[in-house]
Amino acid sequence: MKAGVVRRIVLAAAFVSITAGIVLNTGAGTLSSFGWQAIAAICPLGVLEGIVAGGTLFPRALVVLGVTVVLVALFGKAFCSWVCPVAPVRALRRLIGRKRREKNGEKAAPAALAVGATPSDTCKDCGACATRRAKLDSRHLVLGGSLLSAAVFGFPVFCLVCPIGLVFGSVILLWQWLNFDNLSLSLLIYPALLVVELLVLRRWCARFCPLGALLSVLSLGNRFFRPRVDGTRCLRMQGVECQVCYESCPEGLDPHCSDGMNECSKCGLCRDNCPAHAIRIPLSSKASAEASSKAPPSQVC
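What you see is a predicted model, and the numbers here were worked out from it, not measured in a lab.

**Student:** So what exactly am I meant to see when it comes to the environment of Ala151 here?
**Tutor:** With respect to the helices and strands, the residue Ala151 is situated in helix α7 (residues 138-153). On the basis of relative accessibility, which here comes to 40%, the residue Ala151 falls in the partly exposed class. Each C-alpha atom of the pair Ala151 and Gly55 lies 8.2 Å from the other, and the pair is 96 residues apart in sequence.

Structure follows, in structure tokens:
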């Protein structure tokens with residue numbers, strides 16, 4: 001089964017289970033604050049905002065941050081593609097954009113490879129590495145602004161407009177309306193904010209999301225489940241014009257390049273879409289290095 005199918009199942013299961021918890025009043029909470037009775041966890045960004053706003057470091061904050069660091073060290077930014085409810089919206093936008101480009105006869109990637117180029121030239125001059133995302137970008141500015149606003153106003157300001165919170169807040173308000181006939185103006189405001197953030201602003205995940213920015217920083221030390229290219233199979237490494245992996249990546253990454261892979265959300269789309277089945281996602285970078293060492297030197301990027 002392709003990773004994309006499994007990922008959609010996990011996303012749906014996470015959303016359905018949280019929604020069921022809201023409807024059945026199990027007290028499990030949402031992604032912003034979840035747990036069971038005395039055991040509870042808060043969004044790591046919300047924890048940092050709370051620390052900055054209150055100027056105190058409480059025990060639960062240390063536990064949440066510690067667990068987050070461990071999980072991100074193991075799985076990187078997997079939350080962004082496997083759990084976050086914004087992921088399906090981003091996938092839908094990419095699908096619509098790809099269909100539009102196909103209809104207009106346009107290519108998705110700006111760089112083109114010269115047919116007949118040598119593997120070493122191909123890896124050097126394909127252009128994808130040159131266009132990779134910078135380590136610090138607009139998301140990190142939003143992250144800094146979120147923490148600064150929490151310090152100035154004394155409460156987590158970004159939590160009011162966080163799309164994850166707005167999604168489940170809308171579910172809660174909708175259930176209250178249907179079940180208790182309790183209609184609130186927020187039931188219109190929350191979806192309106194979601195439309196602005198995810199559809200009007202465009203590319204929320206790549207340009208604005210402070211949680212993604214935080215996870216990208218914590219993922220700098222991640223060395224597990226990173227996609228690796230088998231140079232003996234890769235069409236590009238054989239001089240064929242192919243950038244399917246680069247075009248498929250929602251993060252705009254090229255698995256031929258190791259720099260910037262802390263942004264990888266482990267979605268597996270590069271592997272699923274590779275026409276030569278040249279990409280795999282091993283458990284660790286050590287296994288990847290062993291696999292890469294078997295390829296001819298000129299084919300290792």
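Read on, since the account is not over.
**Student:** What is the right way to read the packing of aromatic side chains from this model?
**Tutor:** Any two aromatic rings considered together are summarised by their centre-to-centre distance and by the angle between their planes. Taken as a whole, this structure holds 4 aromatic pairs when the rule is applied. Each member of the aromatic cluster is reached from another via a ring pair, and the members are Phe158, Trp204 and Phe208.

**Student:** What am I meant to see in the pairing of strand β2 (residues 33-36) here?
**Tutor:** Working note: regular strand, side chains alternate between the two faces of the sheet. Here strand β1 (residues 29-30) runs beside β2; their pairing, made up of 2 bridges, is antiparallel. From the neighbouring strand, Gly29 faces β2, where its bridge partner is Phe34. Hairpin remark: β1 followed by β2, antiparallel, with 2 residues in the connecting loop.

**Student:** Looking at this structure, I do not really get the packing of helix α1 (residues 3-24) against helix α8 (residues 163-180). What am I missing?
**Tutor:** Interhelical geometry of α1 versus α8 gives an angle of 40° and a closest axis separation of 10 Å. Between α1 and α8 the crossing geometry is right-handed. In this structure, α1 contributes Phe15, Ile18, Thr19, Ile22 and Val23 to the contact, and α8 contributes Val167, Phe168, Val171, Ile172 and Trp175. Tallied by class, the residues present in the contact of α1 with α8 amount to 9 nonpolar, 1 polar and no charged.

**Student:** It is not clear to me how helix α5 (residues 87-104) should be interpreted in this structure. Could you clarify?
**Tutor:** At 3.6 residues per turn, the α-helix brings residues three or four places apart onto the same side. If you check α5, its first and last C-alpha atoms are 26 Å apart, about what 18 residues at 1.5 Å a residue would give, namely 26 Å. Buried residues of α5: Ala87, Arg90 and Gly97, and no others. For α5, the arc enclosing every buried residue in end-on projection is 95°, short of the 170-degree limit, so these residues lie on one face. Summarising the contacts, the buried residues of α5 are in contact with α1, α4 (78-82) and α10 (204-207). Just past α5, the residue Gly105 takes up positive phi, approximately 75°.

**Student:** Would you explain the packing of α8 against helix α9 (residues 186-200) in this entry?
**Tutor:** In helix packing, the relevant descriptors are the interaxial angle and the interaxial distance, both defined with respect to the helix axes. Relative to each other, α8 and α9 sit at 150°, their axes nearing to 9 Å. The orientation of α8 with respect to α9, classified from their angle, is roughly antiparallel. For the pair α8 and α9, the sense of crossing is left-handed. Mapping the contact onto sequence places Pro163, Leu166, Val167, Gly169, Ser170, Leu173, Leu174 and Trp177 in α8 and Ser186, Leu187, Tyr190, Pro191, Leu193, Leu194, Glu197 and Leu198 in α9. In the contact of α8 with α9, the residues fall into 12 nonpolar, 3 polar and 1 charged.

About the cut-offs
- Residues numbered from 1 in each chain as written.
- Predicted model: local features only at pLDDT ≥ 70, side-chain atom pairs only at ≥ 80, totals over all residues.
- Heavy atoms only, no water.
- Helix = DSSP H or I, 4+ residues; strand = E, 2+ residues; numbered from the N terminus.
- Buried < 20%, exposed > 50% of the residue type's maximum accessible area, 1.4 Å probe, protein only.
- Phe/Tyr/Trp six-rings, centres within 6.5 Å; stacked < 30°, edge-to-face > 60°.
- Pairing = 2+ DSSP bridges.
- Axes fitted to C-alpha atoms, helices over the stretch in contact; angles between N-to-C directions.
- Left-handed = near helix turned anticlockwise from the far one by under 90°.
- Contact = heavy atoms within 4.5 Å.
- Nonpolar A, V, L, I, M, F, W, Y, C, P; charged D, E, K, R; others polar.
- Expected span 1.5 Å × (residues − 1).
- Arc of directions from axis to C-beta.
- Parallel < 35°, antiparallel > 145°, perpendicular 65-115°, else oblique.

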